Amino acid sequence: LDQDVEAFHTLCWAWLLRCTDGLEALQKTPLVLPTVEFFPVTNSSGHERAEFIFEHVRDLAGMADWPVQLVPQAELAGRVSTLGRVQHSGTVAGTFSHSGNSGLITYDPNHVQAPIKLIATFAHELGHYLNEGFQEPPPGGWDLIEPATDVTSVFLGFGVFGANSAFEFVQTQDFDSQGWSSEKLGYLSVDEWAFNLAIFCELTGRNVTDLEPHLKRNLFKTSKAAAKYVERRQIGRHILEDATGGRRLN
């Protein structure tokens, strides 16, 4: 990563540690994976399926008691202004705002059958819910809250979902035509997602090889290289020192 981009991400981790319960709490955060251990099989469909997935995301994020209304975007038109959104292919995959004393999260109903993207969206929007309670702005100011919130989704344990959803390229072909399509979800590049996954593993004492069965092949290779870089440059230590105001760490 460029030096300024790397600095932004490391400062985001220090910011998140300062504004939450710190390293000890982070180390109890599960590395959420796309398995039945985290997301049991359900026969539900439509909004009921979205709610089933969302409840698991909220529980795993440690936000089970945070009140949230979940609304398909088609039902939201004109009701509220949005504070945060995660974008995909130039449109909006999800938004976060307030409705009375509750958070309000919307989602793209087209993603109900694409649970990896849906989970990534829910994690991002819950990240907004968490971040808006911070007294301290993200590194670079509130104008950078969207990429900082993608980092927050990694901090909450959902980096595998955001990383796998970051960019998708699909080739289609039938007997008389062929074509290509692509979709980008979120605000970080693939390399940035890999860097943040490496930081999560470093700070929580995990081995990046645990990610191999769950990441796209090239993404895992990038994450593995990032983990070696993070270890060699002692980035985890620098993050902790920044989070604790430069106090010496044993």
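Everything in this summary refers to the structure shown in the same document. Because the structure is a prediction, the values reported are computed rather than measured. (Residues numbered from 1 in each chain as written. Predicted model: local features only at pLDDT ≥ 70, side-chain atom pairs only at ≥ 80, totals over all residues. Heavy atoms only, no water.)

1. Quick notes on the pattern of salt bridges
Argument step 1. A full pass over the atoms with the stated rule returns four salt bridges.
Argument step 2. The closest approach of N and O atoms between Arg18 and Asp242, which form a salt bridge, is 3.3 Å. You can see Arg18 sitting in helix α1 (residues 3-19) and its partner Asp242 sitting in helix α9 (residues 235-243), a full 224 residues away along the chain.
Argument step 3. Judged by relative accessible area, which is 35%, Arg18 ranks as partly exposed. (Salt bridge = Lys/Arg side-chain N within 4 Å of Asp/Glu carboxyl O. Helix = DSSP H or I, 4+ residues; strand = E, 2+ residues; numbered from the N terminus. Buried < 20%, exposed > 50% of the residue type's maximum accessible area, 1.4 Å probe, protein only.)

2. Quick notes on α1
Argument step 1. A rise of 1.5 Å per residue sets the reference length of α1, with its 17 residues, at 24 Å; its end C-alpha atoms lie 24 Å apart and thus fit the reference within 8%.
Argument step 2. Turning to α1, its buried residues number three or more, namely Glu6, Phe8, His9, Thr10, Cys12, Trp13, Ala14, Trp15, Leu16 and Leu17.
Argument step 3. Where the residues of α1 are buried, they touch α2 (22-26), α4 (115-131), α5 (145-155), α7 (190-204), α8 (217-232) and α9. (Expected span 1.5 Å × (residues − 1). Contact = heavy atoms within 4.5 Å.)

3. Here we look at α8
Argument step 1. Here α8 spans 23 Å end to end across 16 residues, near enough to the 22 Å set by a 1.5 Å rise per residue.
Argument step 2. For α8, every residue scored as buried is listed here: Leu219, Phe220, Ser223, Ala226, Ala227 and Val230. Seen along its axis, α8 keeps its buried residues to an arc of 120°; they face one direction. Turned more than 90 degrees from where α8 packs its buried face, Arg217, Asn218, Lys221, Lys228 and Arg232 sit exposed.
Argument step 3. Each element contacted by the buried residues of α8 is listed here: α6 (159-165), α7 and α9.
Argument step 4. Where α8 terminates, the next one or two residues include Gln234, which has phi positive at roughly 50°. (Arc of directions from axis to C-beta.)

4. Considerations on empty space enclosed by the protein
Argument step 1. What the rule picks out here adds up to one cavity of 30 Å³ or more.
Argument step 2. In this structure, the largest cavity spans a volume of roughly 70 Å³.
Argument step 3. Looking at the largest cavity, it is lined by 11 residues, and the ones nearest its centre are Ala120, Asp150, Ser153, Gly162 and Trp193.
Argument step 4. Every element with two or more residues in the lining of the largest cavity is listed here: α4 and α5.
Argument step 5. With three residues, the single largest contributor to the lining of the largest cavity is α4.
Argument step 6. Across the lining of the largest cavity, the residue classes tally to six nonpolar, four polar and one charged. (1 Å grid on protein atoms, 1.4 Å probe; cavity = no way out; pocket = protein on both sides within 12 Å on 5 of 7 lines; lining within 4 Å. Points joined across faces, edges and corners; volume = space filled by probe spheres on them. Nonpolar A, V, L, I, M, F, W, Y, C, P; charged D, E, K, R; others polar.)

5. What to know about the pairing of strand β4 (residues 102-107)
Argument step 1. Most of β4 is tucked away, with six of its six residues classed as buried.
Argument step 2. Covered by surrounding structure in β4 are Ser102, Leu104 and Thr106 together with Gly103, Ile105 and Tyr107, the residues of both alternating faces.
Argument step 3. One ladder, built from five bridges, connects strand β1 (residues 68-72) with β4; its direction is parallel. The residue of β4 that forms the bridge with Pro72 is Tyr107. (Pairing = 2+ DSSP bridges.)

6. Side note on the packing of α7 against α8
Argument step 1. Relative orientation of the contacting elements α7 and α8 amounts to 55°, with a least axis distance of 8 Å. With respect to α8, the axis of α7 lies oblique. As α7 packs across α8, the resulting crossing turns out to be right-handed. Facing α7, whose interface residues are Val190, Asp191, Ala194, Phe195, Leu197, Ala198, Ile199 and Glu202, α8 presents Leu219, Thr222, Ser223, Ala226, Ala227, Tyr229, Val230 and Glu231.
Argument step 2. For the contact of α7 with α8, the per-class residue count stands at 11 nonpolar, two polar and three charged. (Axes fitted to C-alpha atoms, helices over the stretch in contact; angles between N-to-C directions. Parallel < 35°, antiparallel > 145°, perpendicular 65-115°, else oblique. Left-handed = near helix turned anticlockwise from the far one by under 90°.)

7. Things to note about the environment of Asp210
Argument step 1. Among the structural elements, Asp210 can be located in the loop between α7 and α8.
Argument step 2. On a C-alpha basis, the gap between Asp210 and Leu31 in space is 9.5 Å, while along the polypeptide they are 179 residues apart.

Fair warning: the whole summary comes from geometry, so function is off the table for now.
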